Every structure is written in C-alpha cells, then in structure tokens.
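Listed here are the chains, written in short residue letters.
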Amino acid sequence: MKRREVITLLGGAAATWPITARAQQQVGKLPTIGFLGADASAFSPWTAAFVAHLRELGWIENRNVAIEYRWSEGRTERYAEIAAEFVRLKVDVSLSVALSPR
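Residues numbered from 1 in each chain as written. Predicted model: local features only at pLDDT ≥ 70, side-chain atom pairs only at ≥ 80, totals over all residues. Heavy atoms only, no water.

Asker: Looking at this structure, how should I read the overall build of the chain?
Answerer: The helix and strand inventory of the chain stands at 3 helices and 3 strands. Taken from the N to the C terminus, the helices and strands of the chain come in the order α-β-α-β-α-β. Looking at the chain alone, contacts between residues at least 24 apart form 74% of all its contacts between residues at least 6 apart. Surface summary for the chain: the accessible area is close to 6,600 Å², and the carbon and sulfur share equals 54%. (Helix = DSSP H or I, 4+ residues; strand = E, 2+ residues; numbered from the N terminus. Contact = heavy atoms within 4.5 Å. Areas by Shrake-Rupley, 256 points an atom, 1.4 Å probe, with all protein chains shown as cover.)

Below is the structure:
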C-alpha cells in the first residue's frame, strides 16, 4: 500500500470521526488519538502527513484534538503494552502504522 493510499484511508476515517467525537466528548477533555508506530524518526513523514490532513479537516493538534504518540522502537512485544496504555488513557481512536517506511 502506498503512502498516499494510507493517508487517504486515514483521512476518510478522520472525516467521519468529528460527529461521533463531539457527541461523546467529555467536558474539558479533547478527543484523543492514540498513534502507535515503530520509530519516531523513521515515521516522521507519515506523522507529519497525518497531522497535516487532520488540520485540513479542521482538527488541530493540542487545540481541538490530542494525539498520544507511542513508538515500539522495533520491539513487537511493546504493542500489547502500548495498547493497554491507550486503554488506560481512554483514547477515542487508536491508529497503528504497520508498514515499514522506505
């Protein structure tokens, strides 16, 4: 899957999210996205594109949406640990990037 296809897929999901998020949003808590990737530096183009597309849809990080970034650092055993952390944080949407950057 190409980068544009992934970003388009994520953007489409994010476009339908605002209605649900506003209906369920707790007072004082921003809707939160849990973003799980392998490595921060390797995935920086992906995260930048994701944040840019959210901005195009009206979702601005730290203003009306929070993003919790977590990195497995190549250790697949961390996925379950990070997923459990997202549950504890009560993220509204979780996103995991399973593709290797090139």
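Asker: What is the right way to read the nonpolar core from this model?
Answerer: The tendency in soluble globular proteins is for nonpolar side chains to be buried as a group. Grouped together as the largest cluster of nonpolar side chains are 12 residues: Ile33, Phe35, Phe43, Trp46, Phe50, Leu54, Trp59, Val65, Ile67, Trp71, Leu95 and Val97. For this core, the secondary-structure elements that each account for two or more residues are β1 (32–37), α2 (44–56) and β2 (66–71). Broken down by element, this core gets its largest block of residues, 3 residues, from α2. (Core = buried A, V, L, I, M, F, W, Y, C linked by side-chain atoms within 4.5 Å. Buried < 20%, exposed > 50% of the residue type's maximum accessible area, 1.4 Å probe, protein only.)

Asker: Before we go on, may I ask you to explain helix α3 (residues 78–89) in this structure?
Answerer: Each α-helix turn comprises 3.6 residues. Residues three or four places apart therefore point the same way. Between the first and last C-alpha of α3 there are 16 Å, a value that for 12 residues agrees with the 16 Å anticipated at 1.5 Å per step. Every buried residue belonging to α3 is among Arg78, Ile82 and Phe86, and all of these are buried. Projected down its long axis, α3 carries its buried residues within an arc of 80 degrees, all on one side. Those residues of α3 that are exposed and aimed more than 90 degrees away from the buried face are Ala80, Val87 and Arg88. Of the surrounding elements, those touching the buried residues of α3 are β1, β2 and β3 (93–96). Trailing α3 by a residue or two, lysine 90 shows a phi angle of about 60 degrees, which is positive. (Expected span 1.5 Å × (residues − 1). Arc of directions from axis to C-beta.)

Asker: How should the sheet that holds β2 be read in this particular structure?
Answerer: The strand order across the open sheet built from 3 strands is β2-β1-β3, with neighbouring strands paired in parallel fashion. In this open sheet, the two strands that pair with only one neighbour each are β2 and β3. Each strand axis lies, on average, 20 degrees off the axis of its neighbour in the sheet, ignoring direction. Here 6 bridges tie β1 to β2, and the two strands are oriented parallel to one another. By the bridge assignment, leucine 36 is partnered in β2 with arginine 70. Docked against the sheet, α2 engages β1, β2 and β3, running at close to 165 degrees with respect to β2. (Pairing = 2+ DSSP bridges. Axes fitted to C-alpha atoms, helices over the stretch in contact; angles between N-to-C directions.)

These results come straight from atomic positions and should not be treated as a statement about function.
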